[in-house]
Amino acid sequence: MLPLKEKDKAIVQKLLSSGCCARCVLRFCCVRLQAVYRQPPQGTLRELQDFVKPQESAESAESTGENNKSHDAPVPPQTPQSADPPSKRAKLEPSQPEQGAAETVPSVCVVCLGILQELCDTTQALKIAEAVKMEKYEFDSLVLSVSLPAQLCVREHSCWLHVKKEVREKGLLLDKDDVIPLKEAFKWIVQGPIAKELGGVSVVTKSALEVAVEFTHQPTDADCHFLASACPDCFKPTKNKQSVFTRMAVVKALEKISDAKFLRLFACPPPQPSSCCVPQGVHCLHLSVFIAGRYNKFCRSLPQTPWVIDGERRMESSVEELIAAPVLSAFRADGFNFSSSGREDVDVRTLGNGRPFAMELLNPHRARLNHEEMKQLQQSINASSDKIRVRDLQIVSREAMSRMKEGEEEKTKSYTALIWSRKPIKSEDIAFISDIKELTLDQKTPLRVLHRRALAVRQRVVHSMNVRFMDAHHFHLELKTQAGTYIKEFVHGDFGRTKPNLCELLKTDTDILELDVESVDVDWPPAIPE
Ligand code: ZN
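Predicted model only: the values in this text are computed from it and were never measured.

About the cut-offs
- Residues numbered from 1 in each chain as written.
- Predicted model: local features only at pLDDT ≥ 70, side-chain atom pairs only at ≥ 80, totals over all residues.
- Heavy atoms only, no water.
- Patch = residues over 30% accessible without salt bridge, like charges linked within 9 Å, V, L, I, M, F, W, Y side chains within 5 Å.
- Areas by Shrake-Rupley, 256 points an atom, 1.4 Å probe, with all protein chains shown as cover.
- Salt bridge = Lys/Arg side-chain N within 4 Å of Asp/Glu carboxyl O.
- Helix = DSSP H or I, 4+ residues; strand = E, 2+ residues; numbered from the N terminus.
- Buried < 20%, exposed > 50% of the residue type's maximum accessible area, 1.4 Å probe, protein only.
- Expected span 1.5 Å × (residues − 1).
- Arc of directions from axis to C-beta.
- Contact = heavy atoms within 4.5 Å.

Description of a nonpolar patch on the surface
Piece 1. Residues Leu447, Leu450, Leu455 and Phe495 make up a contiguous nonpolar surface patch of about 460 Å² in total accessible area.
Piece 2. Relative to the helices and strands, Leu450 is located in the loop between strand 12 (437-444) and strand 13 (457-471).

Written as structure tokens, this is what we have:
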């Protein structure tokens, strides 16, 4: 039994005779009962036909008399309140259209272009489920997103105006927003079979896994074109869009255009299509997973990120690649974005507790690893290379990632540098350096990074230093500095671009032979006990 009221009769009749499919009729009658949409459409159509058929008793003679009239014939006045309204039997069967197609081939709906007909039957739902299965995601829910050709909005609008005229005549009220959206109805129909085929996962409105289904209908693409001249403001060409007729632009134009103008420029009801929409494959995308940890770098010939100069690769690997390879395979992700709390030069080691880093894993097919599995992943990263080591590896939220960059400038970093001095030194010559505290440096952007950073003078503070004498030309310098201090430039002076510098302090040329980062003072991510 369809949840339709007497007042819906006129609309049902008019829609059926315009070439609307049974489910689109339900949509335009604002039927919100999902189960009704899931019924086989042939049965729904018969019910609709019975619903508008005049009741056997009094009106049967009249109705058979009008049986074969064209659907364009005016509908006789009708009183909705009447218990037994006179009604015209419209041409009811979209499956037996006026073009005289074979009875068994239902004609394509003028509004949904087949989306709510064969394109949402069980076969189609199973195809969608199969496509998801192929990707081998680990998931327990998914959100279905449906992309429809923009001209469906035009056709829906045309159909709405068609019914609007009718309901106005009858004094019935109906708002365009009350019409059940095509996408909704489509989802109501297919989500059950999809969920069942995927072993009972839930199809929900919010999920990390999005399954996108797209339909196109090239033969009616031109349906939208009249809007461009009618509402030129709505269709501005954009660089990355193939067509100006985006769904959003079309919806905006339809809100602007007057009914009269629309009716002058587009058929009402919409013209009969000769084919239905074409499904464009299924695209699955899982929300990113974020992981974080700390890394050590033990090698003086390993860049943090792939080092490419003029399209040519300089070093065979990088910190991020060494970490990423095992991670990508564990999460079965398509790609990654790497970020860290600062970075070291290719020839600088990072010791101590290591440098905090985070990675966004793109389209992971597996999103959850338990504590034990994360530990194993960390072990496999560490076993894969002796150039790096990772600790505190964990899954974090997108929001937590920003903690790494928060207040980065205020953080301190500790370094050990091996220094060469031109002038021979004794231990007591350099001892005074250990007494220097809170030394403010003016650092002009170093020459070596000037090609990628703006020229500026930055003030940085060396909080404390400690010297360890080695021989007449060498000593170790330990520094605790504000993050972002250029250590190499502080040592050799960068042609006077960093002031004061170690050469000035020692009154001789000094250079830096080796540099190690001893600690990066960022308390994120939280430490994980080994
Ligand atoms: Zn339809």
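So that's the structure; there's more coming.
A look at the pattern of salt bridges
Piece 1. With the rule as written, the count across this model stands at 26 salt bridges.
Piece 2. One salt bridge in this structure joins Lys488 and Asp345, with 2.9 Å as the shortest N-O distance. Of this pair, Lys488 sits in helix 16 (residues 487-492) while Asp345 sits in the loop between strand 8 (335-340) and strand 9 (348-362); the two residues are 143 residues apart in sequence, bridging distant segments of the chain.
Piece 3. Taking the relative accessible area as the measure of exposure, Lys488 reaches 15% and is therefore buried.
Piece 4. Note on Asp345: relative accessible area 25%, which makes it partly exposed.
Piece 5. A salt bridge links Asp509 to Arg422; the nearest nitrogen and oxygen atoms lie 3.2 Å apart. In this pair, Asp509 is assigned in the loop between helix 17 (502-506) and strand 16 (510-520) and Arg422 in the loop between strand 11 (412-421) and helix 15 (427-430), connecting sequence segments 87 residues apart.
Piece 6. Residues joined in a network through salt bridges with shared partners are Asp345, Asp347, Arg448, Lys488 and Glu489.

Some thoughts on helix 6 (residues 122-135)
Think of an α-helix as turning once every 3.6 residues; residues three or four places apart then point the same way.
Piece 1. For helix 6, with 14 residues, the first-to-last C-alpha span of 20 Å sits near the 20 Å given by 1.5 Å per residue.
Piece 2. All buried positions along helix 6 are accounted for by Gln124, Ala125, Ile128, Ala129 and Val132. Relative to the axis of helix 6, the buried residues are bounded by an arc of 140° and lie together on one face. Of the exposed residues in helix 6, the ones pointing more than 90 degrees away from its buried face are Thr123, Lys127 and Met134.
Piece 3. Tucked inside the fold, the buried residues of helix 6 contact strand 1 (141-147), helix 8 (182-197), strand 3 (209-216) and strand 4 (278-286).
Piece 4. Looking at the residues trailing helix 6, positive phi occurs at Lys136, about 55°.

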